[in-house]
Amino acid sequence: MSSKSSAEVIIGGKMYTLSGYEGEEYLQRVASYINNKINEFNEIEEVRRFSVDMKAALVELNIADDFFKAKDRIEKLEQDLEVKEKEIYDLKHELISEQIKAETNQGTARELEIQNKELALQKAKLEAALEEALLDKDIKKTGKK
């Protein structure tokens, strides 16, 4: 666990000391975010006339809105991630199946090549034997050797 740190920040023109287990840079970012929200409302003419309490409530509502939108976005991204992870799993499974099929097909192709060579050799032997038999027949027919 990190050590607790503190940071002096200005929010809405007032100095505050923030403490937390996050670093000072993070605490400054939080204060900056809140100041940006306050400034967004201060730029709207109608809001300038609201009481301090009403402005604070609007800032709080706006920050809560940002939070819930971010949370919804995270949930959607997590669901998308789950779908993508399942797709990746399915694709990996399919890839493995296809690799097994390819290896099997390569083995079959090697066996067929061996059989083909054996058959070609047998064919050559049979053709030679046939040619020799035909020559012997011709020789017997003609009486020449």
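Look a little higher up for the structure.
Below is a summary of the structure that appears in this document. (Residues numbered from 1 in each chain as written. Predicted model: local features only at pLDDT ≥ 70, side-chain atom pairs only at ≥ 80, totals over all residues. Heavy atoms only, no water.)

1. So, helix α1 (residues 24-42)
We apply this condition: Going along the chain from the N terminus, every DSSP run of H or I of four or more residues is numbered as a helix, and every run of E of two or more is numbered as a strand. The span you would expect from a helix comes to 1.5 Å times its residue count less one. Working definition: with a 1.4 Å probe on protein chains only, accessible area under 20% of the residue-type maximum means buried, over 50% means exposed, and in between means partly exposed. Starting at the helix axis, one direction is taken to each C-beta atom, and the arc is that of these directions. Contacts between residues were defined by any pair of non-hydrogen atoms, one from each residue, lying within 4.5 Å.
Taking 1.5 Å of rise per residue, the 19 residues of α1 would be expected to cover 27 Å, and the 27 Å separating its terminal C-alpha atoms lies within 8% of that figure. The set of residues buried in α1 consists of L27, A31, N35, K37 and F41. Down the axis of α1, the buried set is contained in an arc of 155°. They therefore lie on one face. Across from the buried face of α1, at angles greater than 90 degrees, the exposed residues are E25 and R29. Next to the buried residues of α1 lie β1 (5-11), β2 (14-20), α2 (45-48) and α3 (52-142).

2. Focus on the environment of D90
Positionally, D90 belongs in helix α3. Once the C-alpha coordinates of D90 and K69 are considered, the two residues, 21 residues apart in sequence, prove to be 31 Å apart.

3. Observations regarding the pattern of salt bridges
Quick note on the threshold: In the sections that follow, a salt bridge refers to a side-chain nitrogen of Lys or Arg positioned within 4 Å of a carboxyl oxygen of Asp or Glu.
For the structure on display, the rule yields 9 salt bridges. A salt bridge links D80 to K76; the nearest nitrogen and oxygen atoms lie 3.2 Å apart. Pair noted here: D80 and K76 are both in helix α3, with a separation of 4 residues, about one helical turn. Among the residues examined, D80 registers a relative accessible area of 32% and is labelled partly exposed. Ionic pairing is found between K101 and E98, a salt bridge with its closest N-O pair at 3.5 Å. Of this pair, K101 and E98 both sit in helix α3, 3 residues apart, which is roughly one turn of that helix. Accessibility expressed as a relative area gives 47% for K101, which makes it partly exposed.

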